[in-house]
Structure formats: structure tokens, C-alpha cells
Amino acid sequence: MIQHWRLSTIALSFTVAGLMILVKLAEIQVAGPDRDYLLRQSDLYSGTWITVYPSRGHIYDRWGNLLAGNVAVYQIGLDLQAVTDPAGIAYAVSLITGDEYDRVYRIASQDPSPEVRFPIVTDYVPYDQVQQLDNLRRTLASLENRSEKQPIKSLHGLIFTPHLTRSYPEGDLGSNVLGFFSRNGQGYFGVEEQYDELLSGKPTRVWVPEDPYLVEDLPDIPPGADIVLTIDREIQEMVEDILDNAVTRNGAEAGTIIVLDPRTGEILSMATFPRIDPNEYWESGEMISGTTPFNPAVSNAYEPGSVYKILTMAAALDDGAVDLDTIFRDEGRIEVGGAVIRNWNLGAWGEQDMLGCLQHSLNVCLAWIATRLGPGTFYDYMSDFGLGHATGVDLAGEVPGRLKLPGDWDWYPADLATNSFGQGVSVTPLQMAIAAAALANDGEIMAPRILRSLVNNGHQYNPPPQLIATPIEAETARTITMLLAASLENEASTALVPGYRLAGKTGTAEIPTPFGYTSNVTNVSFVGWGPVDDPQFVVYVWLEKPTSSIWGSIVAAPIFSAVVERLVLLMNIPPDDIRLGAAAP
């Protein structure tokens, strides 16, 4: 009897325990907090949340030529549970992709575990290499008899996962303008950095199983915005070719050429030397680290030299401090603020009108003109021309240069004289080109820009040209243009192009050092525009430390001519006699 009671008690206990377990399981499966906890824990091992980035927007030149796009590359991974020949995988991958054999072998020979089952072997592998590996894998799988001497017996376990990477089909063409998009998912320099957010689009978080065989297609995410630049690919290529040859031929360290439309502020070309290939940006450490300017056109400020004289003369003519008939007697020296100013050749040129002062590029005359303007008026004009502050161009990395002003701790009265001919003031090539554009565009400065159109979600936005300053009157601008055209013609400048009347000015700038200025090493430049009756382009040329000659008239002027000679063809600008004849009633 007692034995029967004990057996009944035990049976009842097991029944109750079983019911409790069933109830608990039901609770977990239906709504209990333990269910959510267990599901969360299982999620940690079954997959992960990742951020999926839209395909990056494309960058085109003004005519629709692709300058930056995307191409498919592959990530090569492994399913360690399927790997049967780690040495063969290491041999094949290293042979085809160039990856290190020992590193691949260490990855492939790991024992699979919950923590490590699908390791990544390498990434950014082009399609043709993946195709070779896949073909080899299929061939090996189809072989019935394998020799023990075969270096590769099986490629089972290889997983190929496609994704997009940034591509620059034109190589280094315009790379200083474009910048680059790095593999860490960020745009650097130029357009890629300036418009990074628009190009990138809006990322989305999605859940991805750890097992690649369970991965479904990712959601369709709208791509980033496409950008159309003001750059003309044909003009950019032409200018880069001329610049590269000029730097080499003249033994210069670097160079910049800018071509812009003074009527709109659109930059048609911005060429620099040296440049990088953004497809392999990691090979150009000096330019990326900042020891060498990535885009000197906007990030390299230097003393411009005599090209600056056109701004001083324009200010004086506009203010009325001088007129075309004003005569200056050049005795070869002038003292301003305790400093003695001399001409570039240390000579005295006697009586000169304003055309003579510009044509012979007389420092003494321009210093005298600046004293007639006075510090207040002179620096007001220079600031109105945009000097001393950034142009606001839509490119990353722009610097403002430096225009010392009365009241600054390091400004001295003598600076009024030296600044008048481009010494003691620093500008970027773009600042100098934009200031000159005011003379070519009836005294109006249009905002410089690199963006022509933005295409986003099927909508296109074309920002209109913007007037940002009018430093001088239209009549003054036309007067200085005619002065500079006559100056080039009177001296038979090598900047001239047959059939086209052009205006321009050379620049030779001594380089400041801690011990003063060097006279045997210079930076040379030329700025010009045309045709003078209807200016459609401004071209600025700058070369750093040429060894062929120290003079801008010898080095920079013929580069300007070479650019314009081909530019008028690409811009479809007929010679003056044909163009003006066609326009005559």
C-alpha cells in the first residue's frame, strides 16, 4: 500500500513538472519576456545589422562625359565548413589577385567556429580576376581524377560578393578638381568632398544573415545625386597637355592654368601639375597628407608679382587718381615709407604715360600711382577685387590668401608701394583669375563656380550665375583692356595669337625667404583675356620656379598663346575679321 502511494506521488510530480515545462514553453513562444531575450540572443549569432549605402552619384563634364562613376568589384570570402584545400585556395588567390600566400593560407586553414565561419580573404577584386577563380573552381569540381601533384585540388568554400567602388574612367584628368572617394566611405578634396553628402545619398540600415547563402537581395535604395560640372573635358585635356609639357620643358616644380568664362564665372578648365590618379589615391601620400597642395589653384597662396599691376592701374583710373594722359617721370627710384623702390631692371625710363608704365612694367611708376590713391582708397579697391578673402568657389580646400591692411600688426607704410606691384600680398591662382575677370567683364565679378547642374530624384537644378562685386566702372574696365591690348601689340609679345586681339599682362615674382627676396629664382605668370571687343574667356598661367628663364614674358606668355590658339577652336570663336565682319550690318 505504501509502495503504491509512493509511485502515485512520483508520477504526479513528473506530470506536474511536465505541465509546468509545457506552460513555460508556451509562454516563451507566445509572449513572454524570455522569448524576446532568447530571440535577441539568437540574433547575435544569426546575422547583423549593416548600413547599406546607395550607389554614389556620377560626376559629368558640361557635355555629359563621365568623369567619376562606379564599377562592380568583388569581396572574396570563405565558408570554412566547405573548405577542403586551404593550400590550393591560397595558391590560386595569390596567383590571380596578387595577395600574399601566407596570409590567405592562415585564413583558409582556420577551424570553423560560431565566431569565425565566413572570414573575408580580400576585397576590391575586379571582375576578370573573380571570373578566373570561378572558372578554375568549376573546372576542378568537374574533374573525376585529381593528381596528388596538383597544386590546387579544390576551391570549394570560396564566396564572391559583389559591391560598387568609385571609378575615374579618365584617370588623372581633372583629378585636382574632382578629388577622390576613399574606401572608408568619405569624399576628400575637390568636388567629392564639397558635395559628398549629395553624392552619397541617404543610407539605410538592413538585417543581413551571417550565412551568405541566406542573404536576400538588398532593398532598392535611391542613388545619390548626379553632378554636372562647368568643366569642358576637351578644354581640360588640352590645357593639361600644354601645362605638363610646359612644366617639363621649363624645368618648373609645379604649375597651374585656369580657364574661365568671365560672363558667368563658370570654370571651363582648372589644370594643375602635379596631379594624382584618384583610382589609386593611396599612391600619392604627399598630396593627400598636405605637404603638397592637392589643388594649388585654390589652396596655394603666393605673391603674384607684376600681373597684380593691372589691378593697381584699374583702381587709379577708376578713382581718377590718374588718367590715360597722366605723365610720370621715371627716375629709376622712389622712396615710400622709408623704403626705396626700383624697377625690375634697375633702370630709369624717363617720361612715361600710363600705357608706358604698364607696357614696361615699371615698379616705380605703380608705386607712385599707389601713393596718389592713398592707403585707404588703394586697399578698398583691392578688397573689392576679392583679395584677402576666399572666392567662395564650390571646391573643398580653398584658402583666402593675405592682403595686409593698415592697422594690421605687420603692415608698414612701405607696403603700400610694394603691394602695388604684387609684392607682400598673397593670392591664389583662382583669386587672380577672378580679379582679372572683372576687367574682362565690364567691371563685374561673377561668382566662380564648378557646379553647372544637379540632378536628384529625377529633378534637375541649374544654379544661375551670381554677381558678387563691381569693383570698377564698365568704362574703366574697357579702358584697361585696351591699354593691355596695346601693350602686348607694341612689344610684339609672344602671348599674341594671329587673328585675335587679346589683352594681358606678364608677371615675374621674386620669392620671399627669411633673409629677403631671391632674384635668381622666381614664379612666373600671365593673365589675359579676349577677344577684347567681346571677352569670352580669361586664361591665367602660373609656373613655380622655372629653370629655363626667370621672366614671365619668356616662360608664361607663350604658354598663354598656346592655350588660346587651341581654345578659340574648341570654343568655336572665329577670328576677329570674320566674327566682326559677320556682325556688321
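Here the residue index of a chain counts from 1 through its sequence in written order. For a predicted model such as this one, the threshold for reporting local features is a pLDDT of at least 70, and the threshold for listing and counting side-chain atom pairs is 80 or more; totals across whole chains, interfaces and linings nevertheless cover every residue. Excluded from the side-chain calculation are hydrogens and water; included are all heavy atoms of the structure.

Asks: Teacher, can you tell me more about the overall build of the protein here?
Replies: Where helices and strands are cited, they refer to DSSP runs of H or I of at least four residues and of E of at least two residues respectively, numbered from the N terminus. Of the regular secondary structure elements, the protein holds 20 helices and 22 strands. Burial classes follow relative accessibility: with a 1.4 Å probe on protein chains only, a residue under 20% of its type's maximum area counts as buried, one over 50% as exposed, and anything between as partly exposed. Among the 585 residues that make up the protein, the fraction classed as buried is 49%. In the protein, the share of contacts with a sequence separation of at least 24, taken over all contacts with a separation of at least 6, comes to 71%. As displayed, the protein has an accessible area near 27900 Å², and 53% of this comes from carbon and sulfur atoms. Here, two residues are considered to be in contact whenever any of their heavy atoms come within 4.5 Å of each other. Exposure was quantified through the Shrake-Rupley algorithm and a 1.4 Å probe, taking into account, for residues, occlusion by the shown protein chains and nothing else.

Asks: Any chance you could explain empty space enclosed by the protein here in plain terms?
Replies: Space left empty within the atom packing is revealed by a probe, the size of a water molecule, rolled over the atoms. Here a cavity means grid points, on a 1 Å grid over the protein atoms only, where a 1.4 Å probe fits yet cannot get out; a pocket means an open set of points with protein on both sides within 12 Å along at least five of seven lines; lining residues are those with an atom within 4 Å of a point. Grid points are joined across faces, edges and corners, and a volume is the space filled by probe spheres set on the points. Evaluated as defined, the whole model comprises two cavities of 30 Å³ or more. Taken together, Leu-67, Leu-173, Gly-174, Val-177, Leu-178, Leu-229, Ile-231, Arg-233 and Gln-236 make up the full set of residues lining the largest cavity. Those elements giving two or more residues to the lining of the largest cavity turn out to be helix H6 (175-178) and helix H9 (233-249). Three classes are used: nonpolar for Ala, Val, Leu, Ile, Met, Phe, Trp, Tyr, Cys and Pro, charged for Asp, Glu, Lys and Arg, and polar for all others, with Gly counted as polar. Tallied by class, residues from the lining of the largest cavity come to six nonpolar, two polar and one charged.

Asks: I tried to follow the packing of aromatic side chains on my own but got confused; where do I start?
Replies: Note on aromatic contacts: the rings of Phe and Tyr and the six-membered ring of Trp form a pair at centre separations within 6.5 Å, being stacked when their planes are under 30 degrees apart, edge-to-face when over 60 apart, and tilted otherwise. According to the stated counting rule, one finds 15 aromatic pairs in the structure shown. Taken together, a centroid distance of 5.5 Å and an interplanar angle of 70° make the contact between Trp-344 and Trp-551 edge-to-face. With Trp-344 in the loop between strand E14 (339-342) and strand E15 (350-352) and Trp-551 in the loop between strand E22 (537-544) and helix H19 (552-570), the pair connects residues that are 207 residues apart, well separated along the chain. Looking at Trp-344, the relative accessible area reads 43%, which means it is partly exposed. Pairwise contacts between aromatic rings join Phe-180, Tyr-188, Phe-189, Tyr-281, Trp-282 and Phe-294 into one cluster.

Asks: Sorry if this is basic, but what is going on with the state of the cysteines here?
Replies: Two cysteines whose sulfur atoms are joined by a covalent bond form what is called a disulfide. The disulfide criterion used throughout: a pair of cysteine sulfur atoms within 2.5 Å. The final tally for this structure, using the stated rule, is one disulfide. Put simply, Cys-357 and Cys-365 are joined by a disulfide, and their sulfur atoms are 2.0 Å apart. A torsion of 85° about the S-S bond marks the disulfide between Cys-357 and Cys-365 as right-handed. The same class applies to Cys-357 and to Cys-365, which are both buried.

Asks: Explain the sheet that holds strand E20 (residues 503-513) to me, please; I cannot follow it from the model alone.
Replies: Think of a sheet as strands paired side by side through backbone hydrogen bonds, with each pair either parallel or antiparallel. For two strands to pair, DSSP has to find at least two bridges joining them. With antiparallel pairing, five strands are arranged side by side in an open sheet as E11-E10-E22-E21-E20. With one partner strand each, in any of the chains shown, strand E11 (267-273) and E20 form the two edges of the open sheet. Adjacent strand axes in the sheet meet at a mean angle of 10°, parallel and antiparallel pairs treated alike. As defined by bridge partners, strand E10 (residues 254-260) adjoins E11 across six bridges and the pair is classed as antiparallel. Across the sheet, residue Thr-256 finds its bridge partner in E11, namely Thr-272. All axes here are fitted lines through C-alpha atoms, helices being fitted over the stretch that makes contact, and every angle between N-to-C directions spans 0 to 180 degrees. Strands in contact with H9 are E10, E11 and E22; relative to E11, the strand with the most contacts, it is inclined by about 30°.

Asks: I'm lost on the pairing of E10 in this one. Help?
Replies: Every other side chain in a regular strand lies on the same face of the sheet, so the side chains alternate between the two faces. A large share of E10 lies buried, amounting to seven of its seven residues. Going residue by residue along E10, you find Ala-254, Thr-256, Ile-258 and Leu-260 tucked away on one face and Gly-255, Ile-257 and Val-259 tucked away on the opposite face as well. Bridge count for E10 against E22 is seven bridges, and the pairing is antiparallel. The residue of E22 that forms the bridge with Gly-255 is Leu-543. Taking the residues between adjacent antiparallel strands as the criterion, E10 and E11 are bridged by six residues, where Gly-265 takes a positive phi near 80°.

Asks: Please explain the packing of helix H12 (residues 309-319) against helix H15 (residues 375-384) as it appears in this structure.
Replies: If you want to describe how two helices pack, look at the angle between their axes and the distance between the axes. Their axes nearest at 10 Å, the elements H12 and H15 cross at an angle of 115°. Crossing handedness for the pair H12 and H15: right-handed. Where H12 approaches H15, its residues Leu-311, Thr-312, Ala-315, Asp-318 and Asp-319 are matched on the opposing element by Thr-377, Phe-378, Tyr-381 and Met-382. Here the contact of H12 with H15 is built from residues that sort into five nonpolar, two polar and two charged. Crossings are sorted by hand: turned counterclockwise from the far helix by less than a right angle, the near helix makes the crossing left-handed, and turned clockwise it makes it right-handed.

Asks: I'm lost on the layout of surface pockets in this one. Help?
Replies: Considering only enclosed or pocket space, the second largest pocket measures out at about 710 Å³ in volume. Sorting the residues of the lining of the second largest pocket by element identifies E14, helix H13 (354-359), helix H18 (474-490), E20, strand E21 (516-530) and H19 as the ones contributing at least two each. Sort the elements by how many residues they give to the lining of the second largest pocket and E20 lands first, with seven residues. Its residues assigned to classes, the lining of the second largest pocket comprises 12 nonpolar, 19 polar and six charged.

Asks: In this structure, what is going on with unusual backbone geometry? I would like to understand it.
Replies: In terms of backbone geometry, most residues other than glycine have negative phi values and most peptide bonds are trans. A cis amide bond, omega 5°, links Phe-273 with the succeeding residue Pro-274. Take Pro-274: it is sitting in the loop between E11 and helix H10 (285-289). With omega at -15°, the peptide bond leading from Gly-530 into Pro-531 counts as cis. Positionally, Pro-531 belongs in the loop between E21 and E22. A positive phi angle, close to 60°, is found at Tyr-124, a residue other than glycine.

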